[in-house]
Amino acid sequence: MNVFLWIVAGVLAAFFLAAGATKLSQSRRKLLANPNMKWVEDFSAGTIKLIGTAEVLGALGLILPGALDIAPVLVPLAATGLGLIMIGAIITHGRRKEFQPIAINIVILILTALVAIFRFGPNSF
């Protein structure tokens, strides 16, 4: 189970690192040009950067504390925080009636919950 959780955490970390880096490195206008990022219309540039920062820090929090054995309790906390971001994404897409991205958000939410539950509980470090 430990190996499985490391794999899930690694996949989630790669996903959130890429998503966060995109939000941090591109302007709001450039993000709006992407048809998959129309939700950006509802948020200020500062809020988008804040979301991107939270995603990058969450991605690092999924891997580094466990790998370095420094405050490994941060791993399930990072997973919980990323799960909260996914709940926000589900709500945002739902309000905008963008139902296709919700399925992806739900899968990611389930994976973050899986890491959080097992790293807090039976498979903690």
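Relevant structure appears above.
None of these values were measured; they are calculated from a predicted model.

Once that is clear, we can look at the packing of helix α3 (residues 45-68) against helix α4 (residues 74-95). The N-to-C vectors of α3 and α4 enclose an angle of 155°; their axes lie 8 Å apart at closest approach. One element, α3, and the other, α4, form an angle in the roughly antiparallel class. As for how α3 packs across α4, the hand of that crossing is left-handed. Contacts between α3 and α4 involve Ala-54, Glu-55, Gly-58, Ala-59, Gly-61, Leu-62, Pro-65 and Gly-66 from the first element and Leu-74, Val-75, Ala-78, Ala-79, Leu-82 and Ile-85 from the second. In the contact of α3 with α4, the residues fall into 10 nonpolar, 3 polar and 1 charged.

This paragraph deals with a nonpolar patch on the surface. Together, Leu-17, Leu-57, Leu-60, Leu-64, Leu-68 and Ile-70 line one region of the surface with nonpolar side chains, adding up to about 570 Å² of accessible area. Accessibility expressed as a relative area gives 56% for Ile-70, which makes it exposed.

Unlike most non-glycine residues, Ala-71 shows phi in positive territory, near 50°. Mapped onto the elements, Ala-71 comes out in the loop between α3 and α4. Accessibility expressed as a relative area gives 40% for Ala-71, which makes it partly exposed. In the Ramachandran plot, Lys-97 falls in the positive-phi region, its phi being about 60° despite a non-glycine side chain. Tracing the backbone through its elements, the reader meets Lys-97 in the loop between α4 and α5 (99-120).

Procedures and definitions
- Residues numbered from 1 in each chain as written.
- Predicted model: local features only at pLDDT ≥ 70, side-chain atom pairs only at ≥ 80, totals over all residues.
- Heavy atoms only, no water.
- Axes fitted to C-alpha atoms, helices over the stretch in contact; angles between N-to-C directions.
- Helix = DSSP H or I, 4+ residues; strand = E, 2+ residues; numbered from the N terminus.
- Parallel < 35°, antiparallel > 145°, perpendicular 65-115°, else oblique.
- Left-handed = near helix turned anticlockwise from the far one by under 90°.
- Contact = heavy atoms within 4.5 Å.
- Nonpolar A, V, L, I, M, F, W, Y, C, P; charged D, E, K, R; others polar.
- Patch = residues over 30% accessible without salt bridge, like charges linked within 9 Å, V, L, I, M, F, W, Y side chains within 5 Å.
- Areas by Shrake-Rupley, 256 points an atom, 1.4 Å probe, with all protein chains shown as cover.
- Salt bridge = Lys/Arg side-chain N within 4 Å of Asp/Glu carboxyl O.
- Buried < 20%, exposed > 50% of the residue type's maximum accessible area, 1.4 Å probe, protein only.

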